[in-house]
Amino acid sequence: MTSLLVIIVLVLLAVALWQLTKIFDLTQVGSSSDDSQVASDNDNNVQGYIMFGFLAFIYIFTIYGLLKWGNLALHTPASEHGLLVDNLMNITWVLIFTVQVITQGLLYWFSFKYKGNKDKKALFFADSNKLEAIWSIIPSVVLAILILYGLYAWNNIMFVDKDEDVVEIELYAQQFKWTARYAGNDNTLGKANVRLIEGVNTLGVDMSDKNSEDDIVVTELHIPKGKKVHFKMRSQDVLHSAYFPHFRAQMNCVPGMVTEFAFVPTYTTAEYRELDFMKEKVAHINKLRAEKSVELVAKGGTALDPYTFDYLLLCNKICGASHYNMQMKVVVDTPEDYKKWLSEKTTLAQDIAAAKAAEKPAEGTAPAGDSSSKVIDTVKAVVDTVKAAVAKVAMK
Ligand SMILES: [Cu+2]
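For every chain, the first residue of its written sequence is number 1, and the numbers climb from 1 along that sequence. Reporting of local features is limited, given that this is a predicted model, to residues whose pLDDT is at least 70; pairs of side-chain atoms are given and counted only at 80 or more, and all residues count toward the totals for whole chains, interfaces and linings.

1. Some thoughts on the overall build of the protein chain
Okay, step 1: Runs of E in the DSSP output that reach at least two residues are strands. Runs of H or I that reach at least four are helices, and both are numbered from the N terminus. Across its full length, the protein chain carries nine helices and 10 strands.
Okay, step 2: Of all 396 residues assigned to the protein chain, the portion counted as buried reaches 16%.
Okay, step 3: By definition, residues are in contact whenever their C-beta atoms, placed on the basis of the backbone, come within 7 Å of each other. Taking contacts inside the protein chain between residues at least 6 apart in sequence as the whole, the part at least 24 apart equals 68%. Three classes are used. A residue is buried when 20 or more other C-beta atoms lie within 10 Å of its own, exposed when 12 or fewer do, and partly exposed in between, with C-beta atoms placed from the backbone.

What follows is the structure, given as structure tokens:
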């Protein structure tokens, strides 16, 4: 209701302003000798200078933006291929920036130089093949080189050698969280299908597949430094996008198909925290947090916790109301720490067995000879078998 009132007030204000300008125009009739609709030399001069002013605004704002917010850009990449991506990005920026500075300058300079003047006559100029060839060939060659370099970089990044020793991890996206599945000792992920989701098996892993036996499901991602990590991505519901900004990696997660991306982390979390630019960034964030905390405490609230840097996996597709919060902590360990961390995790098979054991009443609690509970158990087992069979047929 309030918003409707605000809209009505705004519309009435706009109408009032419009009427006022009309009244002002009427009061000016006959008072000025120059009410011609044709631009005079003076008008053209003023327009020319205003255009120059706009050009200065573009240049000054660009320089101001670079100085003020330039440090917010991602800094050192934390993956091997990140250098290649950053290089491509930097070349593209330098090209765009140079061309934009020159063409904008020329555009406004010529608008000023050839502004309307009573003593000048327009020159009829049909075309020039030479000029057209120059401004077609130069951009084509430059763009072709850029695209070829981009294709080379992309193919390099996406190529995973079948015989290479890689760490296989599945990333499972759903509204609004990430779950990771490690392939276990056999380094092969078991089959999975959303139709098999049941109880603790939230990823629908096919437990009848031999490769699933040692799969490990976790909600915090640990990866080893210096080893290629091969991610296979699935989505349960809508389009998501697995985005690792510090590793310069991003790939869509599409329901009904498996997408992939592989990279080699080059800094452990601890090493990345120690980089100079990161220390500076964290100190700056904590300074802001401390200032905000003083304000909060004065109002009777609680102080903010200090910030510590962590790599993150984010969702980079607007996938619903809580999309902004769809993230998972990523920890890059030394290979030894990574092995130790993984060895402490239970397998999905163990989790399922534990959940089943917890579900069943302790042995001996049922009265002896209670045939009705036995019948119920048998019926449940038959239903489970039929469900599994139906799911398998449906998968085919
Ligand atoms: Cu998402």
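Here the narrative resumes, following the displayed structure.
2. Section: the UniProt feature "transmembrane region" (unreviewed entry) in the protein chain
Okay, step 1: UniProt positions are given in the numbering used here, feature names are shortened, and annotations may be inferred rather than shown by experiment. UniProt's entry tags residues 47-67, 88-110 and 133-152 with the feature "transmembrane region" (unreviewed entry), counted in the numbering of this structure.
Okay, step 2: The span residues 88-110 is 100% helix and 0% strand, and its two end C-alpha atoms sit 33 Å from each other.
Okay, step 3: Regarding residues 133-152, the helix share stands at 100% and the strand share at 0%, and the terminal C-alpha atoms are separated by 28 Å.

3. Focus on the sheet that holds strand S3 (residues 216-218)
Okay, step 1: In space, the five strands of this open sheet follow the order S3-S2-S1-S5-S8, with mixed pairing throughout. Both outer strands of the open sheet, S3 and strand S8 (259-263), are each paired with one neighbouring strand and no more. Averaged over all neighbouring strand pairs, the angle between strand axes comes to 25 degrees, with direction disregarded.
Okay, step 2: One bridge is not enough; two strands pair if DSSP finds at least two bridges between them. Alignment of strand S5 (residues 229-235) against S8, held across five bridges, turns out to be antiparallel. What sits directly across from Phe-231, in S8, is Phe-261. In this analysis, axes come from line fits to C-alpha atoms, helices being fitted only over the stretch in contact, and the angle between any two N-to-C directions falls in the range 0 to 180 degrees.

4. Focus on the sheet that holds strand S4 (residues 221-224)
Okay, step 1: Read from one edge to the other, the open sheet built from five strands follows the order S4-S10-S9-S6-S7, with strand pairing classed as mixed. Looking at the sheet topology across the chains shown, the edges are occupied by S4 and strand S7 (249-253). Strand-to-strand twist in this sheet, taken as the mean axis angle between neighbours without regard to direction, amounts to 25 degrees.
Okay, step 2: Looking at chain direction, strand S6 (residues 240-244) and S7 are connected through five bridges and run antiparallel. Considered in S7, the bridge of His-240 is made with Cys-253.
Okay, step 3: Sitting on the sheet, helix H7 (residues 335-343) is in contact with S4 and strand S10 (327-333), with an inclination near 140 degrees to S4.

5. Describing helix H8 (residues 348-359)
Okay, step 1: Here the expected length of a helix is defined as 1.5 Å per residue gap, with one fewer gap than residues. Helix length check: H8 (12 residues) gives 16 Å between terminal C-alpha atoms against 16 Å at 1.5 Å per residue, within 8%.
Okay, step 2: The buried fraction of H8 is low, at one of 12 residues.

6. Details of the environment of Gly-150
Okay, step 1: Within the element layout of this structure, Gly-150 appears in helix H4 (residues 129-158).
Okay, step 2: Overall, the presence of 14 C-beta atoms within 10 Å leaves Gly-150 in the partly exposed class.

7. Description of unusual backbone geometry
Okay, step 1: A cis amide bond links Gln-175 with the next residue in sequence, Phe-176, at an omega value of 0 degrees.
Okay, step 2: On the secondary structure map, Phe-176 appears in the loop between strand S1 (167-174) and strand S2 (177-182).
Okay, step 3: Positive phi, normally seen in glycine, also occurs at Asn-187, with a value near 55 degrees.
Okay, step 4: Inspection of the secondary structure puts Asn-187 in the loop between S2 and S3.
Okay, step 5: Its 14 C-beta neighbours within 10 Å are what place Asn-187 among the partly exposed residues.
Okay, step 6: The backbone phi angle of Arg-248 is positive, close to 55 degrees, even though this residue is not glycine.
Okay, step 7: Assignment of secondary structure puts Arg-248 in the loop between S6 and S7.

8. Comments concerning the environment of Glu-213
Okay, step 1: Mapped onto the secondary structure, Glu-213 falls in the loop between S2 and S3.
Okay, step 2: Glu-213 sits 137 residues away from Gln-350 along the chain, and the two C-alpha atoms are 8.9 Å apart.

9. A short note on the nonpolar core
Okay, step 1: Definition of nonpolar core: a set of buried Ala, Val, Leu, Ile, Met, Phe, Trp, Tyr and Cys residues joined via C-beta atoms within 7 Å. Within the largest apolar cluster, 40 residues are counted, with the highest numbers of intra-cluster contacts made by Leu-171, Ala-173, Trp-178, Phe-231, Ala-242 and Val-330.
Okay, step 2: No other element matches S1, which puts four residues into this core.
Okay, step 3: When residues no more than four places from it in sequence are discounted, the contact partners of Leu-171 are Trp-178, Ala-180, Phe-231, Met-233 and Ala-242.

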